[in-house]
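Topology and contacts: notes
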Amino acid sequence: REIATFQEVGASRLAKSGVSKNALFQQQVLFQESSAAFLEELCKQLQRKIIFPGQIIVEEGAESQEMYAIAQGEAFVEKDGRRISNLLEGSAFGEMAVLGLTSEQSVTIKAERMCDLQYLNSYDLETILEDFPQDKVQLFQVVATMMREELAEISNEEILQEVPLLALLGDSFIKGLAEQMQVRVARKEELIKSKNDKFFVSILQGKASVFLSDLVIRELNEGDTYGETQSLGLVQSSNCEIKAGGSSCLYLVGDKDVVQKLFQAEGGRPRDKLKSTAHVAPEKGKGVIESSPLKAMNFSQAQLDKVYLLCEECFGVADQELLSARQSHKNLLFVVAGKAKQQRGEGTVHYESGTSMVNLNKDFTPVSQGAVTATTHCKYLVLNKRLLMQFIKGQPEEERQRLLQCLGSMPGQARTPATLRQMSTHVAQRCLQAAKSALKDNVKPWEKPKVRITLNLAAERGPVHSSWIKQPDSPTSRRSNVPTEDCRQQRSPPKRVDELDQQEALFCHDMRRLTRMAKACAEDALHELKGLRSEADELRRQLRQLTDAHSDDASPGRLQAGRRRDLGSQDGFLPKAQNTRKTHSPLRVSE
């Protein structure tokens, strides 16, 4: 303890002496192309830190926002407790952390010998970059290039070949476009594409979200592209924005002007062929929306124009997936030109030009359905259900109540007995599968076995594996070696428990959805029963009027028979046809 205190005091005194080598950060790849004025301000913000042998500089899994450079000394890198490389004098690390592209460290770095370090904090760097926007763009471009080199086994040409629309345009076009693609990187929740940007993006690493009216309408994963139809001129420019997801996002950018120049060099024939297929007037798209089941909403012309602006105009080639099974639950589809199909249970639903896939009810209950695939080249509109609901709630109070009432009266395809049977069968099979797994492993998911099994395993390990349990006050409580096969086998049950917990959550979700659907079916049945009773009361009233009209001219005997028929109708039944006399034929017609 006294040695550690002496080291801390000595390190703090040395750190106060300031940085000895100001040119160390300037020599790094990240800052080699930066301006002189920026580097001068950068050197003023550098700080010094002294690390003694064996001490941890950065720890795997811990948060860090600094970039370090070794002025003197030597360090080594560990991954999962194994030493993988050394860092000599002049080396630097933490470029991603200081730029805010990552928060958790992927490796542990320890001092091999006494190290004199220079470090830069992310807050200080952001303060400097506010006055140097060009240097900020250049720094992120350098990092994006470094990240792209780590994925060098996949070329830009191979990535573009996976896009169905671009694959139809020929290898020469894709090769020319691949050479013009630029690589960029965005931080967490940072804007990738604004409404006015004219380019398409292809996600290389990370995730991104497409926003329209501040709502997420689509998720983009690795390998997904967005905006290629606008760049090709097949659809109009959308009002969507793209932002990075919960972590940094590496992506490729293809400028619209570059695409147009390549088309001119190719003669534009492939694009013109596709464009002629998808060329339709905007009025036709509005007509498809107006003739769809949304006509039950009784939208005015102004409201219909606003709903059309909320739609995302898309284009798909033959055999391309237009909407996944998950997306089809959250969106409405309007086929403007071409044909598409969708798998529903054991059957297939075909969508011709001018038809739509509108599954709505007052609760927006998801419908059990598959992905939507293009049968031919088709142009279509996609409307997110949450956007539609936001538009309805944004109307004045009286109009909002009217639209909500119309929405509640719309038929819901998820409320049919066939769908309920299918869902109940699906839930029963999954519950049976979970029960068999639980009996096989002697696990009861509802008793939260994750904690219980973890404690039992910790007790079974005993003092032999006590060093694996990390102590909060001990800096040396990290794993020093690779666990044996016996230990791995003992640790495998918690993974199985995690799977059971996930299955249990899915089962509960399915059961809640099934309950909502059954409740909705019951409400529909009561509503129909009420309507049938109203119709029956109206028929009885008409029957009594006809009976009274004929009873005025009838004999006393016939009058008594008419009264008996009237009493019978009030009791809820009508006289049989064979008991009706010939003189009362108009009454039989009314019945």
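Residues numbered from 1 in each chain as written. Predicted model: local features only at pLDDT ≥ 70, side-chain atom pairs only at ≥ 80, totals over all residues. Heavy atoms only, no water.

1. A closer look at a positive patch on the surface
For clarity, the threshold we go by: Residues qualify for a patch when their relative accessible area is over 30% and they have no salt bridge, like charges being joined within 9 Å and the nonpolar side chains of Val, Leu, Ile, Met, Phe, Trp and Tyr within 5 Å. The Shrake-Rupley method, run with a 1.4 Å probe sphere, supplies the accessible areas, and residue values consider only the shown protein chains as cover. Counted as salt bridges are all cases of a side-chain nitrogen of Lys or Arg within 4 Å of a carboxyl oxygen of Asp or Glu. Here Asp and Glu are counted as negative and Lys and Arg as positive; His is not counted, and neither are the chain ends. A charge is said to be at NZ when it belongs to Lys, at CZ for Arg, at CG for Asp and at CD for Glu. By definition, any uninterrupted DSSP run of H or I lasting at least four residues is a helix, any uninterrupted run of E lasting at least two residues is a strand, and each is numbered from the N terminus. Each residue is placed in one exposure class: buried if its accessible area under a 1.4 Å probe, protein chains only, is under 20% of its type's maximum, exposed if it is over 50%, and partly exposed if it falls in between.
Taken together, the side chains of Lys207, Arg326, Lys330 and Arg386 define a basic patch exposed on the protein surface. With respect to the helices and strands, the residue Arg326 is situated in helix H14 (residues 325-330). Residue class for Arg326 comes out exposed when judged on its relative accessible area of 63%.

2. Some thoughts on the pairing of strand S16 (residues 249-255)
Just so we agree on the cut-off: Strand pairing is defined by DSSP finding a minimum of two bridges between the two strands.
Counting buried positions along S16 yields six of seven residues, so the element is predominantly enclosed. Relative to S16, strand S9 (residues 182-186) is paired through five bridges, and the arrangement is antiparallel. What sits directly across from Val185, in S16, is Leu250. Of the strand pairs in this sheet, strand S11 (residues 199-205) and S16 are connected by six bridges, and their pairing is antiparallel. By the bridge assignment, Phe200 is partnered in S16 with Gly254.

3. Overview of the side chain of Ser122
The test is simple: What makes two residues a contact is simply this: any of their non-hydrogen atoms within 4.5 Å.
Assignment of secondary structure puts Ser122 in helix H4 (residues 122-129). Setting aside residues up to four positions removed in sequence, Ser122 forms contacts with Gln65, Ala97 and Val98.

4. A short note on the layout of surface pockets
Worth spelling out the cut-off: Computed over the protein atoms alone on a 1 Å grid, cavities are sets of points where a 1.4 Å probe fits but cannot get out and pockets are open sets with protein on both sides within 12 Å along at least five of seven lines; a residue lines them when it has an atom within 4 Å of a point. Grid points are joined across faces, edges and corners, and a volume is the space filled by probe spheres set on the points. Amino acids outside the nonpolar list (Ala, Val, Leu, Ile, Met, Phe, Trp, Tyr, Cys, Pro) and the charged list (Asp, Glu, Lys, Arg) are all regarded as polar, and Gly is one of them.
Quantified by volume, the largest pocket comes out at close to 1,000 Å³. Residue lining of the largest pocket: 39 residues in total, with Arg218, Glu219, Leu220, Leu322 and Gln327 positioned closest to the centre. When contributions to the lining of the largest pocket are tallied by element, the ones reaching two or more residues are strand S13 (215-220), strand S14 (225-226), helix H9 (228-231), strand S17 (312-316), strand S18 (321-323), H14, strand S24 (378-384) and helix H15 (385-393). Among the elements that line the lining of the largest pocket, the one with the most residues is S13, at five residues. Of the residues assigned to the lining of the largest pocket, the class counts are 13 nonpolar, twelve polar and 14 charged. Its volume calculated, the second largest pocket comes out at about 700 Å³. Lining the second largest pocket are 24 residues, with Glu95, Met96, Thr102, Ser106 and Glu150 sitting closest to its centre. Elements with a contribution of two residues or more to the lining of the second largest pocket: strand S5 (82-87), strand S6 (92-93), helix H3 (95-98) and helix H5 (133-150). Ranked by residues supplied to the lining of the second largest pocket, first place goes to H5 with four residues.

5. Here's the deal with the sheet that holds strand S19 (residues 331-337)
Our working definition: The convention used is that axes are lines fitted to C-alpha atoms, helices contributing only their stretch in contact, and that angles between N-to-C directions extend from 0 to 180 degrees.
Sheet architecture is open: four strands sit in the order S17-S24-S19-S22, paired in antiparallel fashion. Of all the strands in the sheet, just S17 and strand S22 (356-357) have a single pairing partner and so form its edges. Across the sheet, helix H12 (residues 282-291) touches S19 and S24, and the angle it forms with S19 is around 130°.

6. Thoughts on the nonpolar core
For clarity, the cut-off: Working definition of a nonpolar core: buried Ala, Val, Leu, Ile, Met, Phe, Trp, Tyr and Cys residues. They are joined through side-chain atoms within 4.5 Å.
Membership of the largest hydrophobic core comes to 52 residues, with the highest contact counts inside it found for Phe31, Phe38, Leu99, Leu166, Phe173, Leu177 and Leu232. Here this core gets six residues from one element, more than from any other, and that element is H5. Of all hydrophobic cores here, the second largest spans 25 residues; its members include Leu294, Val358, Leu388 and Met389.

7. Notes on the environment of Ser64
The test is simple: Polar contacts here mean pairs of N or O atoms no more than 3.5 Å apart (in protein, one a potential hydrogen donor and the other a potential acceptor; neighbouring residues in sequence count only if both atoms are side-chain atoms).
Among the secondary structure elements, Ser64 is positioned in the loop between strand S2 (56-58) and strand S3 (66-72). Taking C-alpha positions, Ser64 is 9.8 Å from Met96, a pair spaced 32 residues apart along the chain. Contacts of Ser64, omitting those with residues within four sequence positions, involve Val58, Ala97, Thr102, Ser103 and Gln105. A polar atom in the side chain of Ser64 sits 3.4 Å from the side chain of Glu66.

8. Re the sheet that holds strand S10 (residues 191-193)
Spatial ordering of the open sheet is given by S10-S15-S12-S13, a layout of four strands whose pairing is antiparallel. Bordering the open sheet on either side are S10 and S13, each of which pairs with just one other strand. Across this sheet, the average inter-strand angle for adjacent strands is 35°, counted without regard to direction. Two elements, S10 and strand S15 (residues 241-244), share two bridges in a ladder whose sense is antiparallel.

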